[in-house]
Amino acid sequence: QVQLVESGGGSVPAGGSLNLSCTVSETYRYYCMGWFRQAPGKERERVANILGGHGTEYYSDSAKGRFTISQDNSQRTVYLQMNNLKPEDTAIYYCARGKFYRTGCSNDLHPDSYGYWGQGTQVTVSS
């Protein structure tokens, strides 16, 4: 069974930075890897995603210019570097692996495209 373990969440003032990590128990090459977030009372939304083993990344409008998704394949770790954080970024952040082999991830934007999830890590940004 594929397992994902997240770390790096915490509390930070507005304008600060956090780097989230997601370690995966087995290779994720040619699977889409995604970061999602969910705030209370809101739908889970994609923040960023990337094709495992490749360097093409995709971002939500709110994440563009502030967040960077990357991967260290030798360590089987996916990162989300978050800069210039805003209070509206406050949410539980989840790492997920897609259900199917892919050659690109531009269409894998919905949580239903992902079959394995981490436990989530809380990010709180104060004003």
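Coordinates for the structure precede this section.
First, a word on what this report is: a plain description of the structure on this page.

Here the focus is unusual backbone geometry. Notably, Tyr30 is not glycine yet its phi reads approximately 70°, a positive angle. Examined against the element boundaries, Tyr30 turns out to sit in the loop between strand 3 (18-24) and strand 4 (31-38). A positive phi angle is found at Arg76, which is not glycine, with a value near 50°. By the secondary structure assignment, Arg76 is in the loop between strand 7 (67-72) and strand 8 (77-82).

Before going further, it helps to spend a moment on the state of the cysteines. This model, assessed by the stated rule, comprises 2 disulfides. Each sulfur in the disulfide pair Cys32 and Cys105 lies 2.1 Å from the other. Handedness here is read from the sign of the S-S torsion; for Cys32 and Cys105, about -105°, the answer is left-handed. Taken together, the positions of Cys32 in strand 4 and Cys105 in the loop between strand 9 (91-101) and strand 10 (114-117) put the pair 73 residues apart, joining distant regions of the chain. Classification of Cys105 by relative accessible area gives buried; the value is 0%. The connectivity of the disulfide bonds within the protein can be written as 1-3, 2-4, using the sequence rank of each bonded cysteine.

Scanning the model with the defined rule gives 5 aromatic pairs in all. Residues Tyr114 and Trp117 carry aromatic rings whose centres are separated by 6.3 Å and whose planes lie at 65° to one another, so their mutual orientation is edge-to-face. Tyr114 gets classed as buried once you look at its relative accessible area, which sits at 3%. According to the relative accessible area criterion, Trp117 is partly exposed, its value standing at 27%. Put simply, the rings of Phe36, Tyr94, Tyr114 and Trp117 touch in pairs and so form one group of aromatic residues. The aromatic ring of Trp117 is capped on one face by Arg44, whose charged end is 4.9 Å from the ring centroid. Between the NZ or CZ atom of Arg97 and the centre of the ring of Tyr31, over which it lies, the distance is 3.6 Å.

Taking strand neighbours across the sheet as the criterion, the 4 strands line up as 1-3-8-7 in an open arrangement whose pairing is antiparallel. Every other strand in the sheet has two partners, leaving strand 1 (4-7) and strand 7 as the edge strands with one partner each. Neighbouring strand axes in the sheet, compared pairwise and without regard to direction, differ in orientation by 15° on average.

On to the pattern of salt bridges, then. Using the criterion set out here, one finds 5 salt bridges in the structure. Among the ionic pairs, Lys64 bridges to Asp61, the shortest N-O distance being 3.3 Å. Here Asp108 makes a salt bridge to Arg102, at a shortest N to O gap of 3.2 Å. A relative accessible area of 5% places Asp108 in the buried class. Taken together, the shared-partner salt bridges connect Arg37, Glu45, Arg66 and Asp89 into one network.

Calculation rules
- Residues numbered from 1 in each chain as written.
- Predicted model: local features only at pLDDT ≥ 70, side-chain atom pairs only at ≥ 80, totals over all residues.
- Heavy atoms only, no water.
- Helix = DSSP H or I, 4+ residues; strand = E, 2+ residues; numbered from the N terminus.
- Disulfide = S-S within 2.5 Å.
- Buried < 20%, exposed > 50% of the residue type's maximum accessible area, 1.4 Å probe, protein only.
- Phe/Tyr/Trp six-rings, centres within 6.5 Å; stacked < 30°, edge-to-face > 60°.
- Lys NZ or Arg CZ within 6 Å of the ring centre and 35° of its normal.
- Pairing = 2+ DSSP bridges.
- Axes fitted to C-alpha atoms, helices over the stretch in contact; angles between N-to-C directions.
- Salt bridge = Lys/Arg side-chain N within 4 Å of Asp/Glu carboxyl O.

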